[in-house]
Amino acid sequence: MTLFFDAFDWLADPAHWSGPSGIQQRIVEHLAITGAVVLIAAALALPLGIVVGHTRRGRGTVVALTSGVRAIPTLGMLTILALNLGIGLTAPVIALVVLAIPPLLAGAYAGIESVSPEAVDASRGIGMTEWELVSRVEIPLALPVIVGGLRSATLQVVATATLAAYVADAGLGRFLFSGLKQREYSEMLGGALLVAALALVLEAMLALVQRLFTTVPSQAGRP
Amino acid sequence: MKHRIHRRMLNAGLAVLASLAIAACGADDSDPLSDDSSSTSSSETIVVGSQDYYSSEIIAEIYAQALEAADYDVERELRIGQREVYVPEIEDGSIDLFPEYTGPLLQFWEPDTQARLSDDVYEALVDAAPEDLNVLEQSDATDQDSYVVTRAFAEEHDLKTLEDLADVDQQLTIGANSELEGRPNGPKGLQKAYGFEPKFTPIEDGGGPLTVKALKDGTIQMAIIYTADPSISKNDLVALEDTKGLFLASHVVPIASDKLDEDAVEIINRISEELTPEGLVELNAKSVDEQAPAADIAKAWLDEHDVS
């Protein structure tokens, strides 16, 4: 329990918040890494997931691939990448993108697949092109599930982005590593609490977004 | 660094278990009236010990084989944990000869010592040692933390010591475990002692392959690697001399009991003389790269060096 009090003392000290290696700066870096990773991963995974969900082709391959990728230990991949790419943010960003792709991809194809066949048939019946069908019917109806995938990806990335500090001077992971090595456990626990708080805030925001998207289509879909 | 600490903790744990086991056996078997723990070895036998560290074991094997070649009776007590475990055994005479490292042993006996440079440390060590122990000549061979740069960088800027880095007109960056940032031998210590202020970037692999890669890429210019680590020569790195003593000097030094007569002491001193820093790295490389047993490495070394 004293450790927790020490950690809160550490967090309460204004000297720890300012400066180029202060908490404020580390939070900004941590959020920037998380945001960049989720954006890159979404740009890669969502189009692919939508194509797979829409055409219903290649689903087996994608499922096998993404569940395989989920099993890769991120720290191991980070080390191998950094051995080839050098230190800095490139290696951790790639490793985290790989971590974020499976939930995004799964959300995308599962969401599109879950759109009722009647709605799809009806859209075709009124003469929509395939592109109109995807963009005006399937994606809006699939949005809650897609945002669910985004939520789960964001949560994993924000928690794992601490690994960036393994090879770069960035993110909240810096407090974890330096606290661990110097046996400054209040710093380490303080850093961990910040990561947890950040994850909870992001989670709450995305849950809200998900709810917004869930209500709109169901009302619009009423006869 | 991390591995060392973990290993140390593990070793301490194992040592406790082992000593419990030995104590248990002793209670059953030995004569309860005799509490002489070295009773197993006759008065002529020299007991050679070593740390639970491959490099220390190789040096101990060299001592043992050289003494055997000169017809001494030798008993080996190799790989017996860390300082907390074996120093008491040296002090009570259960072990007669032990390859040690000047700085760390001095700190064990005198935790608040101010000595950092090689000769000061050796002198302080001789003073700090218990009376019935002899600190023999220290070797040139060292095994200590050092700042390394790539050979190309050292040649480009004509670097030999850390002092030379003050003249490099380029922002230097150190890559090391994050704890270095706040330590007295980190960036701030460099500025105080050598007058240049490097940047710092964390690489959490304790001078391992990621650090070496960053040095070769030029992402960082300086890193901390043990002087006797084979990775220094394998990757064409250069350790810069620490003239102001940021790091505690740590030379190989034999600690001996009075059981070693003059001839034996002379043999051991000859080994210390023949053992160069580069030579120690080669010995370590044979263990790390070829996984050769300590006894074989020691034999090959003694075949090449005349110590008798």
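Because the structure is a prediction, the values reported are computed rather than measured.

**Student:** Got a minute to help me understand the overall build of chain A in this structure?
**Tutor:** What chain A contains, in helices and strands, is nine helices and zero strands. Listing the helices and strands of chain A from first to last along the sequence gives α-α-α-α-α-α-α-α-α. Counting only C-alpha atoms and orienting by the principal axes, one finds that chain A spans roughly 65 × 40 × 30 Å. Residues classed as buried in chain A amount to 41% of the 223 residues present. In chain A, of all internal contacts separated by at least 6 residues, the share reaching a separation of at least 24 is 75%.

**Student:** Please clarify how the sheet that holds strand E7 (residues 199-202) of chain B should be interpreted in this entry.
**Tutor:** The strands that make up a sheet pair up through hydrogen bonds in the backbone, lying either parallel or antiparallel. All names here are of chain B. Spatial ordering of the open sheet is given by E7-E6-E8-E5-E9, a layout of five strands whose pairing is mixed. With partners counted over all chains shown, the strands left at the sheet margins are E7 and strand E9 (237-239), one partner each. Sheet twist, expressed as the mean angle between neighbouring strand axes with direction ignored, is 40 degrees.

**Student:** Any chance you could explain the environment of Val145(A) here in plain terms?
**Tutor:** All names here are of chain A. Positionally, Val145 belongs in helix H7 (residues 130-160). Each C-alpha atom of the pair Val145 and Thr214 lies 8.9 Å from the other, and the pair is 69 residues apart in sequence. For Val145, the residues in contact, after removing those within four places along its chain, are Gly107, Ala110, Gly111 and Ser114.

**Student:** Even after reading the chapter, I still don't get helix H5 (residues 90-113) of chain A, so can you show me in this structure?
**Tutor:** Helical geometry note: an α-helix holds 3.6 residues per turn, so side chains three or four residues apart project in the same direction. Residue and element names in this part refer to chain A. Helix length check: H5 (24 residues) gives 34 Å between terminal C-alpha atoms against 34 Å at 1.5 Å per residue, within 8%. The largest bend along H5 reaches roughly 30 degrees and is located at Ile101, with the proline Pro102 sitting one to four residues downstream. Counted residue by residue, H5 has 19 buried out of 24 residues, so it is predominantly covered.

**Student:** When you look at the pairing of strand E3 (residues 97-101) of chain B in this model, what are you seeing that I'm missing?
**Tutor:** If a strand is regular, its side chains alternate between the two faces of the sheet. All names here are of chain B. Extensive coverage of E3 is indicated by the burial of five of its five residues. Alternating positions in E3 separate into two faces, Leu97, Pro99 and Tyr101 on one and Phe98 and Glu100 on the other, with burial throughout. Relative to strand E10 (residues 252-256), E3 runs antiparallel, the two sharing five bridges. Within E10, the position partnered with Phe98 by the bridge is Ile255.

**Student:** Hey, could you run me through the packing of helix H4 (residues 102-109) of chain B against helix H5 (residues 118-128) of chain B in this one?
**Tutor:** Axes are the key here: two packed helices are described by the angle between their axes and the distance separating the axes. Residue and element names in this part refer to chain B. The geometry of H4 relative to H5 is characterised by a closest axis approach of 9 Å and an angle of 40 degrees between their N-to-C directions. In terms of their interaxial angle, H4 and H5 are classed as oblique. Considering the relative orientation of H4 and H5, their crossing is left-handed. Across the interface between the two elements, Thr102, Gly103, Leu105, Leu106 and Trp109 from H4 touch Val121, Tyr122, Ala124, Leu125 and Ala128 from H5. In the contact of H4 with H5, the residues fall into eight nonpolar, two polar and no charged.

**Student:** Explain the nonpolar core to me, please; I cannot follow it from the model alone.
**Tutor:** The tendency in soluble globular proteins is for nonpolar side chains to be buried as a group. The biggest cluster of nonpolar side chains holds 132 residues, and the ones touching the most others in it are Ala41(A), Ala100(A), Leu104(A) and Tyr63(B). The greatest single-element share of this core, amounting to 14 residues, is contributed by H5(A).

**Student:** Any chance you could explain the packing of helix H2 (residues 54-69) of chain B against helix H12 (residues 294-304) of chain B here in plain terms?
**Tutor:** Residue and element names in this part refer to chain B. With their axes 8 Å apart at the nearest point, H2 and H12 run at an angle of 55 degrees to one another. The pairing of H2 with H12 is recorded here as oblique in orientation. Where H2 crosses over H12, the handedness of that crossing is right-handed. For the pair H2 and H12, contact is made by Tyr54, Glu57, Ile58, Glu61, Ile62, Gln65 and Ala66 and by Ala294, Ala295, Ile297, Ala298, Lys299, Trp301 and Leu302, respectively. A breakdown of the residues in the contact of H2 with H12 according to their chemical character gives 10 nonpolar, one polar and three charged.

**Student:** What's the story with the confidence of the model for chain B in this structure? I'm lost.
**Tutor:** Keep in mind that low pLDDT regions are not for reading the predicted coordinates in detail. Residues and elements named next belong to chain B. Confidence along chain B averages 87 in pLDDT terms, with 86% of residues attaining 70 or more. Between the elements of chain B, mean pLDDT differs from a low of 50, seen in helix H1 (residues 2-29), to a high of 97, seen in E10. Predicted complex metrics record ipTM = 0.78 and pTM = 0.73.

**Student:** Teacher, can you tell me more about the environment of Gly111(A) here?
**Tutor:** Residues and elements named next belong to chain A. One can find Gly111 in helix H5. Note on Gly111: 24 C-beta atoms within 10 Å, which makes it buried. Separated by 44 residues in the primary sequence, Gly111 and Ser67 have C-alpha atoms spaced 17 Å apart. Not counting chain neighbours up to four residues away, the residues in contact with Gly111 comprise Gly53, Ala142, Val145 and Ile146.

**Student:** Would you explain the interface of chain B and chain A in this entry?
**Tutor:** Size of an interface, as often reported, equals the accessible area lost when the parts are brought together. Counting from both sides, the interface comprises 16 residues of chain B and, opposite them, 15 residues of chain A. At the level of elements, E7 and helix H8 (209-217) of chain B are the ones that each hand at least two residues to the side of chain B that touches chain A. With five residues, the single largest contributor to the side of chain B that touches chain A is H8(B). Looking at the side of chain B that touches chain A residue by residue, the classes come out as five nonpolar, six polar and five charged.

**Student:** Hey, could you run me through the environment of Pro187(B) in this one?
**Tutor:** Residue and element names in this part refer to chain B. By secondary structure assignment, the location of Pro187 is in helix H7 (residues 187-194). For the pair Pro187 and Ala129, spaced 58 residues apart in sequence, the C-alpha to C-alpha distance is 33 Å. For Pro187, the contacting residues outside a window of four places in its chain are Ile174, Glu181, Glu197, Pro198 and Phe200.

So, how was this worked out
Position numbers for residues count from 1 along each chain, tracking the sequence in the order it is written. As a convention, the first chain written is A and the first ligand written is 1, with the rest following in written order. pLDDT decides what is reported in this predicted model: residues at 70 or higher carry local features, side-chain atom pairs at 80 or more are listed and counted, and totals for whole chains, interfaces and linings draw on all residues regardless. Secondary structure elements are defined from DSSP: runs of H or I of at least 4 residues count as helices, runs of E of at least 2 residues count as strands, and each element is numbered from the N terminus. Buried, partly exposed and exposed are defined by the number of other C-beta atoms within 10 Å of a residue's own C-beta, namely 20 or more, between the two limits, and 12 or fewer respectively, with C-beta atoms placed from the backbone. Residue pairs qualify as contacts under a 7 Å threshold applied to their C-beta atoms, which are placed from the backbone. Pairs of strands are assigned from DSSP output, requiring at least two bridges between the strands. Between N-to-C directions, angles cover 0 to 180 degrees, with each direction set by a line fitted to C-alpha atoms, over the stretch in contact for helices. To estimate how far a helix should reach, multiply one less than its number of residues by 1.5 Å. Note on bend: the value at a residue is the angle between axes fitted to the seven residues ending there and to the seven starting there. Any angle that falls under 35 degrees is termed roughly parallel, while one over 145 is termed roughly antiparallel, one within 65 to 115 roughly perpendicular, and all others oblique. Crossings are assigned a handedness: left-handed for a near helix turned anticlockwise from the far helix by less than a right angle, right-handed for a clockwise turn. Under this grouping Gly is polar, as are all residues other than the nonpolar Ala, Val, Leu, Ile, Met, Phe, Trp, Tyr, Cys and Pro and the charged Asp, Glu, Lys and Arg. One nonpolar core equals one set of buried Ala, Val, Leu, Ile, Met, Phe, Trp, Tyr and Cys residues connected by C-beta atoms within 7 Å. Per-residue confidence from the predictor is reported as pLDDT, which spans 0 to 100.

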